[in-house]
Amino acid sequence: MPRLYRKTAALADEGIIPTRQRPYLEDEMALAARYVFPEGFLWGTATAAHQVEGDNTANQWWAWEHAGRVFQKQTSGPGCGWWRGRWKEDFARAADAGHNAIRFSVEWSRIQPEPDRWDEDALERYRTWARTARQMGLEPLVTLHHFTDPLWLSEQGGWETSEAVARFRTFVERVASALREYVRLWATFNEPNIYAYRGYVEGAFPPGRTEDLAAAFTVLTHMAQAHAAAYEAIHRVQPDAQVGIVLHYRGMRPARPWFPPDRWIARLHHRWLNDFYYHALARGRLIGPGLRSQAAPELRGTLDYVGLNYYTEDQVRFTLRRSEVFGAHGFPAGAALSAHGEIAHVPAGLYRALRWANAFRVPIYITENGVDDPDDRLRPRYLLEHVHQVWRALINNWPVRGYLHWSLVDNFEWEWGWTRHFGLWACDPQTQRRTARPSAHLFAALAQNNGFDAALVDRYAPAARPVLFPAAGLDALRAT
Ligand code: IFM
């Protein structure tokens, strides 16, 4: 192979340039090149009930907010007005923009406001949402648990008690029976690892406990068992359903790879935060805080797909601080950051996350990916460069079936209230006014063209051009 091609081949292997464009080294050829996604690929956005519906008065988050536990004592209030009817205009926004999927969650505390009371009207309303989504050409992906629990469940001890498993199963069976006509893709839990970590180790989520690793692992275990029970319950009422779980994957790399304590703690945090559900659902083993595991064969294989939420990647440095569980997390030097510095732009981390997800040996959906960015300063580039990583995974034949951006509209961001802005559309909670950000148009073009070319990159994120279509870089290579 000539030297130039050897180098471009190396770039292609790195995923820096698309393999099939290897021979096209000229700038004008880059303009003709396109990243193409498979037919039927799902493009859409993700939301969660408590973050958009508003007026969710019967769950533990509402109580937590009203106890003043959210930043600036903010509350979710009327949310984005979905329960008061705005869901429909937002679904229409997505459909008009050419999306073909939408992820939303159902609120357990609305459907079962008390242990022995079911609200059929609430169920009927979710049925309408799912049916309307379908009629609008949006494939609904419905999450059954997204961080909120009915207050009565929390008062009974929540997910620390094994009774929650059977309770959840009953709830899921009811929802699946009501919505099965319109919903094919179900997600049992959203980010159970974050629910357990924030609620029992960090303390930012209810019940606000800190450093209680034992409780966190109990919760993770019950949620894994509840997932398996829900998997079985849904398949019983809807044999052709696709039932998955949504996992938050946070890449963890040693800050100083040459320093063994950094390698050790990065690995430990990876296993705690990322690997629990891999062991449970792909291998049928439950791990505990000491990483000893016990067999749980009933969990194995209870997964038709895996939902992957990826935002950023961490560098972990060993510390003696117990409050950080001996690992201080930071970001790679020089990485662009989200508005409040909580998300670093590390698109290659999504590729690594997908490699990890591929080990489950089931189809993969990106169920969330996005950035807090009110001015849309970083989002267009973030979006394109992450979608590029999905394409890299696809050319390896990893079975990625869709990409759902977080989120459709700005919404209530848990401990940060209304101060974070993840929407393709801005949403002012006071006026309920929606405003499309440039990224809304960019994402519409991605969805409508089922891919993208250099012209789209130049229009929305010229800074990403050298990464995605590195013609100038190749000119430089040619000169060597
Ligand atoms: O808003 C959250 C969502 O509820 C779960 N995943 C991460 C998002 C952004 O922080």
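One can find the structure itself at the top, above this paragraph.
Fair warning: this is a prediction, and the values are worked out from it, not measured in the lab.

**Student:** Explain the overall build of the chain here, please?
**Tutor:** Secondary structure assignment for the chain yields 19 helices and 15 strands. Taking 23 Å as the expected radius of gyration for a compact globule of 480 residues, we find that the chain reaches 22 Å, a close match to that expectation. Dimensions of the chain, computed from the C-alpha atoms along their principal axes, are close to 75 × 50 × 45 Å. Within the chain, the proportion of its 480 residues that are buried is 59%. Across the chain, every contact between residues at least 6 apart in sequence was considered, and the portion connecting residues at least 24 apart equals 73%. Summing over all exposed atoms, the chain offers an accessible surface of approximately 18,500 Å²; the carbon and sulfur share of this is 50%. In the chain, 55 positive and 53 negative side-chain charges are present, and the distance between their average locations comes to 6 Å.

**Student:** Explain the site of the ligand to me, please; I cannot follow it from the model alone.
**Tutor:** Around the ligand, the neighbouring residues are Q51, H146, F147, N190, E191, Y311, E368, W406, E413, W414 and F422. In this structure, a nitrogen atom belonging to the ligand sits 2.9 Å away from a side-chain N or O atom of E191. Protein chains bury 91% of the 280 Å² of accessible surface belonging to the ligand in isolation. Of all the cavities here, the one that holds the ligand is the largest pocket. When the residues that make up the shell around the ligand are grouped by side-chain class, the tally is 5 nonpolar, 3 polar and 3 charged.

**Student:** Looking at this structure, I do not really get helix 9 (residues 163-179). What am I missing?
**Tutor:** Since there are 3.6 residues in each turn of an α-helix, residues three or four apart along the chain are aligned in direction. Here helix 9 contains 17 residues, and its C-alpha end-to-end distance of 25 Å stays within 8% of the 24 Å for a straight helix at 1.5 Å per residue. What helix 9 keeps buried is the set A164, V165, F168, F171, V172, V175, A176, A178 and L179. Along the axis of helix 9, the buried residues cluster in a sector spanning 160°; they form a single face. In this structure, the buried residues of helix 9 make contact with helix 6 (108-111), helix 7 (120-135), strand 4 (139-145), helix 8 (151-155), strand 5 (185-190) and helix 11 (213-237).

**Student:** It is not clear to me how the pattern of salt bridges should be interpreted in this structure. Could you clarify?
**Tutor:** Pairs may arise between side chains of opposite charge once their charged atoms sit close together. Taken as a whole and judged by the stated rule, the model has 32 salt bridges. As a salt-bridge pair, E89 and R93 come within 2.9 Å of each other at their nearest N and O atoms. With E89 and R93 both in helix 5 (residues 82-96) and 4 residues apart, the pair spans about one turn of that helix. Between E181 and R127 there is a salt bridge, with the nearest N and O atoms lying 3.4 Å from each other. Residue E181 is found in the loop between helix 9 and strand 5, and its partner R127 is found in helix 7; the two are separated by 54 residues along the sequence. Taking relative accessible area as the criterion, E181 reaches 53% and is therefore assigned exposed.

Conventions we followed
Residues numbered from 1 in each chain as written. Predicted model: local features only at pLDDT ≥ 70, side-chain atom pairs only at ≥ 80, totals over all residues. Heavy atoms only, no water. Helix = DSSP H or I, 4+ residues; strand = E, 2+ residues; numbered from the N terminus. Rg over C-alpha atoms; globule rule 2.2 N^0.38 Å. Buried < 20%, exposed > 50% of the residue type's maximum accessible area, 1.4 Å probe, protein only. Contact = heavy atoms within 4.5 Å. Areas by Shrake-Rupley, 256 points an atom, 1.4 Å probe, with all protein chains shown as cover. Lys, Arg positive; Asp, Glu negative; His and termini not counted. Charge placed at Lys NZ, Arg CZ, Asp CG, Glu CD. Near = heavy atom within 4 Å. Polar contact = N/O pair within 3.5 Å; in protein donor to acceptor, adjacent residues only side chain to side chain. 1 Å grid on protein atoms, 1.4 Å probe; cavity = no way out; pocket = protein on both sides within 12 Å on 5 of 7 lines; lining within 4 Å. Sits in = over half its atoms within 2 Å of the grid points. Nonpolar A, V, L, I, M, F, W, Y, C, P; charged D, E, K, R; others polar. Expected span 1.5 Å × (residues − 1). Arc of directions from axis to C-beta. Salt bridge = Lys/Arg side-chain N within 4 Å of Asp/Glu carboxyl O.

As far as function goes, none of this settles anything; it's purely spatial.
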